[in-house]
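Notes for the structure review
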Amino acid sequence: MAIKIGIVNQKGGVGKTTTAICLTDALTRIGYKTLLVDFAPQANCSSTFGVKGKEPTVYDAIMKRANIVDVVVKGNDMGDIVPSGEDLKMALCELVNVKAGENRLRTALAPIEDQYDMIVIDSDPTPGIMLDNVLAAVDGVIIPMKAENYSIEGISSLVKDINEAKAELNPDLRIYGALLTMLDEKGTSTHTKISESFDNLSQYNLYPFKTRIRLSKAIPSTQTWVSIDQPKNYSEHRILEAKGSIYKYDNNSGAVDYSNFVRELMEVITSE
Ligand SMILES: Nc1ncnc2c1ncn2[C@@H]1O[C@H](COP(=O)(O)OP(=O)(O)OP(=O)(O)O)[C@@H](O)[C@H]1O
Ligand SMILES: [Mg+2]
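Here's a quick rundown of the structure. (Residues numbered from 1 in each chain as written. Chains lettered and ligands numbered in written order. Predicted model: local features only at pLDDT ≥ 70, side-chain atom pairs only at ≥ 80, totals over all residues. Heavy atoms only, no water.)

**A few points about the overall build of the protein**
To be explicit about the condition: Per the convention used, a helix needs a DSSP run of H or I reaching at least four residues, while a strand needs a run of E reaching at least two, with both numbered from the N terminus. To get the radius of gyration, use the C-alpha atoms; to get the globule rule, take the number of residues to the power 0.38 and multiply by 2.2 Å. Burial classes: relative accessible area under 20% of the type maximum marks a residue as buried, over 50% as exposed, and values in between as partly exposed (1.4 Å probe, protein chains only).
If you tally the helices and strands in the protein, you get 12 helices and 6 strands. For the protein, whose C-alpha radius of gyration is 18 Å, the value lies close to the compact-globule estimate of 19 Å for 272 residues. Viewed in the frame of its principal axes, the protein has a C-alpha envelope of about 50 × 50 × 30 Å. Counting over 272 residues, the protein shows a buried share of 54%.

Next up, the structure:
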(Lines give C-alpha, C1' and ligand atoms only; values in the text may rest on other atoms or scores of the structure.)
(Ligands and ions follow the chains in the order given, each with its own letter.)
Protein backbone atom coordinates (compact mmCIF):
# COMPACT_ATOMS: atom_id res chain seq x y z
CA MET A 1 0.00 0.00 0.00
CA ALA A 2 1.26 3.47 -0.85
CA ILE A 3 2.73 5.88 1.68
CA LYS A 4 0.57 8.99 1.40
CA ILE A 5 2.08 12.40 2.05
CA GLY A 6 0.17 15.69 2.31
CA ILE A 7 1.85 19.04 1.66
CA VAL A 8 0.06 21.54 3.88
CA ASN A 9 0.28 25.08 5.19
CA GLN A 10 -2.54 27.56 5.66
CA LYS A 11 -0.19 30.30 4.55
CA GLY A 12 -0.16 30.95 0.82
CA GLY A 13 2.86 31.09 -1.45
CA VAL A 14 5.19 29.12 0.82
CA GLY A 15 6.21 26.47 -1.72
CA LYS A 16 3.52 23.79 -1.22
CA THR A 17 2.90 23.21 -4.92
CA THR A 18 6.58 23.42 -5.81
CA THR A 19 7.39 20.91 -3.07
CA ALA A 20 4.57 18.59 -4.16
CA ILE A 21 5.81 18.60 -7.77
CA CYS A 22 9.54 18.35 -7.02
CA LEU A 23 8.99 15.67 -4.37
CA THR A 24 6.91 13.58 -6.79
CA ASP A 25 9.55 14.05 -9.48
CA ALA A 26 12.43 13.17 -7.13
CA LEU A 27 10.63 10.06 -5.80
CA THR A 28 9.90 8.88 -9.34
CA ARG A 29 13.54 9.40 -10.33
CA ILE A 30 14.80 7.12 -7.57
CA GLY A 31 12.42 4.38 -8.63
CA TYR A 32 9.26 4.79 -6.56
CA LYS A 33 5.99 4.47 -8.44
CA THR A 34 4.51 7.83 -7.52
CA LEU A 35 1.16 9.58 -7.94
CA LEU A 36 0.66 13.32 -7.46
CA VAL A 37 -2.85 14.38 -6.44
CA ASP A 38 -3.60 18.00 -7.30
CA PHE A 39 -6.04 19.06 -4.59
CA ALA A 40 -5.96 22.81 -5.22
CA PRO A 41 -8.42 24.67 -7.50
CA GLN A 42 -5.58 26.78 -8.91
CA ALA A 43 -4.47 23.50 -10.54
CA ASN A 44 -0.80 24.55 -10.70
CA CYS A 45 0.42 20.94 -10.48
CA SER A 46 -1.88 20.03 -13.36
CA SER A 47 -0.53 22.92 -15.37
CA THR A 48 3.11 21.91 -14.80
CA PHE A 49 2.23 18.33 -15.78
CA GLY A 50 0.53 19.67 -18.93
CA VAL A 51 -2.93 18.35 -18.02
CA LYS A 52 -4.76 21.50 -16.86
CA GLY A 53 -8.27 21.52 -18.33
CA LYS A 54 -8.38 17.76 -18.63
CA GLU A 55 -11.57 16.13 -17.34
CA PRO A 56 -12.67 14.35 -15.25
CA THR A 57 -10.85 15.93 -12.29
CA VAL A 58 -10.30 15.21 -8.61
CA TYR A 59 -13.53 17.13 -7.98
CA ASP A 60 -15.51 14.56 -10.01
CA ALA A 61 -13.83 11.79 -8.02
CA ILE A 62 -14.66 13.22 -4.59
CA MET A 63 -18.22 14.02 -5.65
CA LYS A 64 -18.54 10.37 -6.80
CA ARG A 65 -19.21 11.39 -10.40
CA ALA A 66 -16.13 9.62 -11.75
CA ASN A 67 -14.08 6.61 -10.78
CA ILE A 68 -10.56 7.60 -9.75
CA VAL A 69 -9.19 5.09 -12.27
CA ASP A 70 -10.61 7.28 -15.04
CA VAL A 71 -9.23 10.47 -13.50
CA VAL A 72 -5.56 9.45 -13.23
CA VAL A 73 -3.39 10.62 -16.11
CA LYS A 74 -0.37 8.42 -16.78
CA GLY A 75 2.68 8.85 -18.95
CA ASN A 76 4.54 11.86 -17.56
CA ASP A 77 8.16 11.07 -16.67
CA MET A 78 7.67 12.94 -13.35
CA GLY A 79 4.97 10.49 -12.27
CA ASP A 80 1.22 9.95 -12.65
CA ILE A 81 -1.22 12.72 -11.72
CA VAL A 82 -4.80 13.22 -10.60
CA PRO A 83 -5.60 16.60 -12.18
CA SER A 84 -7.60 19.39 -10.60
CA GLY A 85 -9.53 22.33 -11.93
CA GLU A 86 -11.49 25.40 -10.82
CA ASP A 87 -14.52 23.20 -10.20
CA LEU A 88 -12.83 22.07 -6.97
CA LYS A 89 -13.83 25.46 -5.48
CA MET A 90 -17.43 24.21 -5.39
CA ALA A 91 -16.44 21.31 -3.15
CA LEU A 92 -15.82 23.68 -0.26
CA CYS A 93 -19.57 24.32 0.10
CA GLU A 94 -20.80 20.96 -1.19
CA LEU A 95 -18.73 18.76 1.12
CA VAL A 96 -20.06 20.34 4.30
CA ASN A 97 -23.54 19.15 3.29
CA VAL A 98 -22.67 15.50 2.74
CA LYS A 99 -22.20 12.84 5.37
CA ALA A 100 -18.56 12.31 6.38
CA GLY A 101 -17.48 14.95 3.86
CA GLU A 102 -13.97 14.96 5.36
CA ASN A 103 -13.38 11.40 4.16
CA ARG A 104 -14.20 11.87 0.47
CA LEU A 105 -10.59 12.15 -0.75
CA ARG A 106 -9.46 9.15 1.31
CA THR A 107 -12.35 7.05 -0.06
CA ALA A 108 -11.77 8.24 -3.63
CA LEU A 109 -8.08 7.26 -3.58
CA ALA A 110 -8.58 3.85 -1.95
CA PRO A 111 -9.10 1.83 -5.18
CA ILE A 112 -5.70 2.84 -6.64
CA GLU A 113 -3.55 2.91 -3.50
CA ASP A 114 -2.08 -0.50 -4.18
CA GLN A 115 -0.81 0.61 -7.57
CA TYR A 116 1.66 3.10 -6.06
CA ASP A 117 4.58 3.20 -3.64
CA MET A 118 4.06 6.88 -2.86
CA ILE A 119 1.13 9.29 -3.19
CA VAL A 120 1.80 13.03 -2.77
CA ILE A 121 -1.13 15.42 -2.25
CA ASP A 122 -0.84 19.16 -2.92
CA SER A 123 -3.30 21.31 -0.98
CA ASP A 124 -4.87 24.71 -0.98
CA PRO A 125 -4.06 27.17 1.84
CA THR A 126 -7.73 27.40 2.90
CA PRO A 127 -8.37 25.78 6.27
CA GLY A 128 -11.56 23.78 6.89
CA ILE A 129 -13.04 20.82 5.09
CA MET A 130 -10.61 20.82 2.16
CA LEU A 131 -7.61 20.65 4.49
CA ASP A 132 -9.44 18.04 6.60
CA ASN A 133 -9.85 15.89 3.48
CA VAL A 134 -6.08 15.91 2.99
CA LEU A 135 -5.41 15.25 6.69
CA ALA A 136 -7.86 12.32 6.69
CA ALA A 137 -6.32 10.78 3.56
CA VAL A 138 -2.59 10.78 4.36
CA ASP A 139 -0.10 8.96 6.56
CA GLY A 140 1.81 12.15 7.29
CA VAL A 141 2.30 15.78 6.33
CA ILE A 142 5.15 18.04 5.35
CA ILE A 143 4.81 21.74 6.20
CA PRO A 144 6.75 23.95 3.78
CA MET A 145 7.68 27.29 5.32
CA LYS A 146 9.01 30.22 3.37
CA ALA A 147 12.16 31.85 4.72
CA GLU A 148 10.57 35.14 5.72
CA ASN A 149 9.76 36.94 8.96
CA TYR A 150 6.14 35.93 9.45
CA SER A 151 6.52 32.31 8.43
CA ILE A 152 6.52 30.90 11.95
CA GLU A 153 3.39 32.85 12.93
CA GLY A 154 0.35 30.70 12.20
CA ILE A 155 2.24 27.46 12.71
CA SER A 156 0.66 26.86 16.13
CA SER A 157 -2.84 27.16 14.59
CA LEU A 158 -1.89 24.74 11.80
CA VAL A 159 -0.44 22.25 14.27
CA LYS A 160 -3.65 22.54 16.33
CA ASP A 161 -5.74 21.73 13.22
CA ILE A 162 -3.51 18.77 12.40
CA ASN A 163 -3.77 17.44 15.96
CA GLU A 164 -7.56 17.82 15.88
CA ALA A 165 -7.69 15.87 12.64
CA LYS A 166 -5.48 13.21 14.22
CA ALA A 167 -7.89 12.92 17.15
CA GLU A 168 -11.13 12.97 15.12
CA LEU A 169 -10.32 11.58 11.67
CA ASN A 170 -6.97 9.84 11.38
CA PRO A 171 -5.35 8.48 14.58
CA ASP A 172 -2.10 7.46 12.85
CA LEU A 173 -1.51 10.85 11.22
CA ARG A 174 2.09 12.03 11.54
CA ILE A 175 3.78 15.39 11.04
CA TYR A 176 6.98 14.41 9.24
CA GLY A 177 8.40 17.89 9.67
CA ALA A 178 8.71 21.46 8.44
CA LEU A 179 10.70 22.28 5.33
CA LEU A 180 12.33 25.68 4.94
CA THR A 181 11.92 26.90 1.34
CA MET A 182 13.17 29.75 -0.81
CA LEU A 183 16.22 30.35 1.36
CA ASP A 184 18.53 33.01 -0.03
CA GLU A 185 21.84 31.18 -0.24
CA LYS A 186 23.75 34.45 -0.12
CA GLY A 187 22.78 34.41 3.55
CA THR A 188 21.44 37.90 4.25
CA SER A 189 21.12 38.57 7.98
CA THR A 190 17.32 38.13 7.84
CA HIS A 191 17.66 34.74 6.22
CA THR A 192 20.32 33.67 8.69
CA LYS A 193 18.04 34.67 11.60
CA ILE A 194 15.08 32.85 10.06
CA SER A 195 17.18 29.78 9.52
CA GLU A 196 18.20 29.85 13.19
CA SER A 197 14.64 30.33 14.52
CA PHE A 198 13.49 27.53 12.21
CA ASP A 199 15.81 25.20 14.10
CA ASN A 200 13.76 25.95 17.25
CA LEU A 201 10.51 24.57 15.86
CA SER A 202 10.71 21.71 18.33
CA GLN A 203 8.71 23.97 20.68
CA TYR A 204 5.75 23.04 18.45
CA ASN A 205 6.86 19.39 18.40
CA LEU A 206 7.84 19.91 14.79
CA TYR A 207 10.94 18.34 13.28
CA PRO A 208 12.83 20.96 11.25
CA PHE A 209 14.19 19.14 8.18
CA LYS A 210 17.95 19.68 7.98
CA THR A 211 17.69 20.01 4.21
CA ARG A 212 16.76 23.52 3.18
CA ILE A 213 15.41 24.44 -0.23
CA ARG A 214 17.37 27.37 -1.60
CA LEU A 215 16.01 29.99 -3.96
CA SER A 216 16.53 28.53 -7.40
CA LYS A 217 16.35 30.15 -10.81
CA ALA A 218 15.37 26.85 -12.39
CA ILE A 219 12.22 26.38 -10.29
CA PRO A 220 10.18 29.34 -11.66
CA SER A 221 11.31 28.39 -15.18
CA THR A 222 9.90 24.90 -14.85
CA GLN A 223 6.54 26.45 -13.98
CA THR A 224 6.50 28.74 -17.03
CA TRP A 225 3.98 27.80 -19.67
CA VAL A 226 4.27 28.64 -23.34
CA SER A 227 1.89 27.27 -25.97
CA ILE A 228 3.32 24.28 -27.76
CA ASP A 229 1.27 25.10 -30.85
CA GLN A 230 2.67 28.51 -31.59
CA PRO A 231 6.20 29.02 -30.33
CA LYS A 232 7.05 32.55 -31.47
CA ASN A 233 10.78 32.08 -31.43
CA TYR A 234 13.49 29.68 -30.44
CA SER A 235 13.94 31.01 -26.89
CA GLU A 236 10.24 30.52 -26.08
CA HIS A 237 10.47 27.07 -27.54
CA ARG A 238 13.34 26.31 -25.19
CA ILE A 239 11.27 27.49 -22.20
CA LEU A 240 8.59 25.08 -23.28
CA GLU A 241 11.13 22.30 -23.54
CA ALA A 242 12.33 23.10 -20.01
CA LYS A 243 8.86 23.25 -18.48
CA GLY A 244 8.06 20.49 -16.03
CA SER A 245 10.95 18.71 -14.40
CA ILE A 246 13.76 20.53 -12.56
CA TYR A 247 15.94 17.57 -13.46
CA LYS A 248 16.05 18.82 -17.04
CA TYR A 249 18.47 21.50 -15.84
CA ASP A 250 22.02 20.43 -15.01
CA ASN A 251 23.47 21.33 -11.63
CA ASN A 252 20.63 23.51 -10.38
CA SER A 253 20.15 23.95 -6.65
CA GLY A 254 16.45 22.99 -6.82
CA ALA A 255 17.24 19.51 -8.14
CA VAL A 256 20.08 19.02 -5.64
CA ASP A 257 18.01 20.24 -2.67
CA TYR A 258 14.88 18.23 -3.45
CA SER A 259 16.96 15.07 -4.00
CA ASN A 260 18.63 15.61 -0.62
CA PHE A 261 15.23 16.30 0.91
CA VAL A 262 13.79 13.02 -0.38
CA ARG A 263 16.66 11.13 1.20
CA GLU A 264 16.07 12.82 4.56
CA LEU A 265 12.29 12.39 4.29
CA MET A 266 12.59 8.65 3.66
CA GLU A 267 14.80 8.37 6.79
CA VAL A 268 12.15 10.23 8.81
CA ILE A 269 9.29 8.10 7.41
CA THR A 270 11.04 4.84 8.16
CA SER A 271 12.25 6.00 11.60
CA GLU A 272 9.01 5.09 13.39
N1 LIG B 1 12.99 27.23 -4.21
C2 LIG B 1 12.40 28.16 -4.95
N3 LIG B 1 13.14 29.03 -5.68
C4 LIG B 1 12.57 29.99 -6.41
N5 LIG B 1 11.25 30.19 -6.50
C6 LIG B 1 10.44 29.35 -5.82
C7 LIG B 1 10.97 28.29 -5.00
N8 LIG B 1 9.92 27.63 -4.45
C9 LIG B 1 8.80 28.24 -4.88
N10 LIG B 1 9.10 29.28 -5.69
C11 LIG B 1 8.17 30.21 -6.33
O12 LIG B 1 7.38 30.82 -5.29
C13 LIG B 1 6.03 30.98 -5.71
C14 LIG B 1 5.11 30.30 -4.71
O15 LIG B 1 5.39 28.90 -4.72
P16 LIG B 1 4.22 27.81 -4.71
O17 LIG B 1 3.23 28.11 -5.77
O18 LIG B 1 4.89 26.49 -4.73
O19 LIG B 1 3.58 28.11 -3.29
P20 LIG B 1 2.20 27.55 -2.69
O21 LIG B 1 2.41 27.42 -1.23
O22 LIG B 1 1.77 26.35 -3.42
O23 LIG B 1 1.20 28.75 -3.01
P24 LIG B 1 -0.42 28.72 -2.85
O25 LIG B 1 -0.66 28.86 -1.37
O26 LIG B 1 -0.87 29.92 -3.63
O27 LIG B 1 -0.91 27.43 -3.39
C28 LIG B 1 5.94 30.40 -7.12
O29 LIG B 1 6.03 31.46 -8.03
C30 LIG B 1 7.17 29.50 -7.23
O31 LIG B 1 7.67 29.45 -8.55
MG1 LIG C 1 -0.06 25.95 -4.42
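**Quick notes on the site of ligand 1**
Condition: By convention in these notes, a residue is near a molecule or strand provided one of its non-hydrogen atoms lies within 4 Å of it. Pairs of N or O atoms are called polar contacts if they sit within 3.5 Å, as long as, within protein, a hydrogen donor faces a hydrogen acceptor (for residues adjacent in sequence, only side-chain-to-side-chain pairs). Working definition of accessibility: Shrake-Rupley area with a 1.4 Å probe, residue cover restricted to the visible protein chains. Note that Gly is not counted as nonpolar here; it falls among the polar residues with everything else outside the nonpolar set of Ala, Val, Leu, Ile, Met, Phe, Trp, Tyr, Cys and Pro and the charged set of Asp, Glu, Lys and Arg.
Around ligand 1, 17 residues are found, and the nearest of them are Lys-16, Thr-17, Thr-18, Ser-216 and Gln-223. One of the side-chain nitrogen or oxygen atoms of Thr-18 is found 2.6 Å away from an oxygen atom of ligand 1. Protein burial of ligand 1: of its 630 Å² of free accessible surface, 80% is covered by the chains. When residues of the shell around ligand 1 are traced back to their parent elements, those giving at least two are α1 (16–29) and α10 (218–222). The leading source of residues in the shell around ligand 1 is α1, at 3 residues. Grouping the amino acids of the shell around ligand 1 by side-chain chemistry returns 7 nonpolar, 8 polar and 2 charged.

**Some thoughts on the pattern of salt bridges**
What counts is decided by this rule: Note on definitions: salt bridges are taken to be side-chain nitrogens of Lys or Arg within 4 Å of carboxyl oxygens of Asp or Glu.
Applying the stated criterion across every chain yields a total of 6 salt bridges. For Glu-113, the salt bridge goes to Lys-4, with nearest N and O atoms at 3.3 Å. In this pair, Glu-113 is assigned in the loop between α6 (104–109) and β4 (118–123) and Lys-4 in strand β1 (residues 3–7), connecting sequence segments 109 residues apart. Taking relative accessible area as the criterion, Lys-4 reaches 8% and is therefore assigned buried. Glu-164 is the salt-bridge partner of Lys-160, the closest N and O atoms lying 3.6 Å from each other. Of the two residues, Lys-160 and Glu-164 are both situated in helix α8 (residues 155–168); the distance of 4 residues between them amounts to about one turn of the helix. Judged by relative accessible area, which is 43%, Glu-164 ranks as partly exposed. The network of salt bridges with common partners includes Lys-11, Lys-146 and Glu-148.

**Thoughts on the side chain of Asp-80**
Definition in use: Contacts are assigned to residue pairs with any non-hydrogen atoms lying within 4.5 Å of each other.
When you line up the elements, Asp-80 lands in strand β3 (residues 80–82). Here Asp-80 falls in the buried class, since its relative accessible area comes to 7%. Looking at Asp-80, its side chain comes within polar contact range of the side chain of Tyr-116, at 2.6 Å. Not counting the four nearest positions on each side in its chain, Asp-80 is found in contact with Lys-33, Thr-34, Leu-35, Leu-36, Phe-49, Val-72, Val-73, Lys-74, Gly-75 and Tyr-116.

**Quick look at the nonpolar core**
Convention followed: Buried Ala, Val, Leu, Ile, Met, Phe, Trp, Tyr and Cys residues form a nonpolar core when they are joined through side-chain atoms within 4.5 Å.
The biggest cluster of nonpolar side chains holds 52 residues, and the ones touching the most others in it are Val-37, Phe-39, Ile-62, Leu-105, Ile-121 and Ile-143. With 7 residues, the top contributor of residues to this core is helix α7 (residues 129–137). Those residues in contact with Leu-105 that lie beyond four places of it in its chain are Val-37, Phe-39, Val-58, Ile-62, Ile-121, Asn-133, Val-134 and Ala-137.

**Some points on the sheet that holds strand β6 (residues 174–181)**
Using the following cut-off: Strand pairing is defined by DSSP finding a minimum of two bridges between the two strands. Axis definition: a line fitted to C-alpha atoms, limited for helices to the stretch in contact. Angles are taken between N-to-C directions and run from 0 to 180 degrees.
Strands sit in the order β3-β2-β4-β1-β5-β6 across an open sheet of 6 strands; the sheet is parallel. With partners counted over all chains shown, the strands left at the sheet margins are β3 and β6, one partner each. With strand direction ignored, the average angle separating the axes of adjacent strands in the sheet is 20°. As paired strands, β1 and β4 are joined by 5 bridges and run parallel to one another. Bridge assignment links Ile-3 to a residue of β4, and that residue is Met-118. Those strands touched by α1 are β1, β2 (34–39), β4, β5 (140–146) and β6, and its axis lies near 165° from that of β4.

**Digging into the pairing of β6**
The condition is simple: Here, the term right-handed applies to a crossover whose path from the first strand over the helix to the second runs clockwise when the strands point away from the viewer.
Counting buried positions along β6 gives 7 out of 8 residues, so the element sits mostly inside the fold. Taking the sense of rotation as the criterion, the β-α-β connection linking β5, α8 and β6 turns out right-handed.

**Looking at the pairing of β5**
Taking burial as the measure, the 7 residues of β5 include 6 buried ones, the bulk of the element. With 3 bridges connecting them, β1 and β5 associate as parallel partners. Along β5, the bridge assignment pairs Ile-7 with Ile-142.

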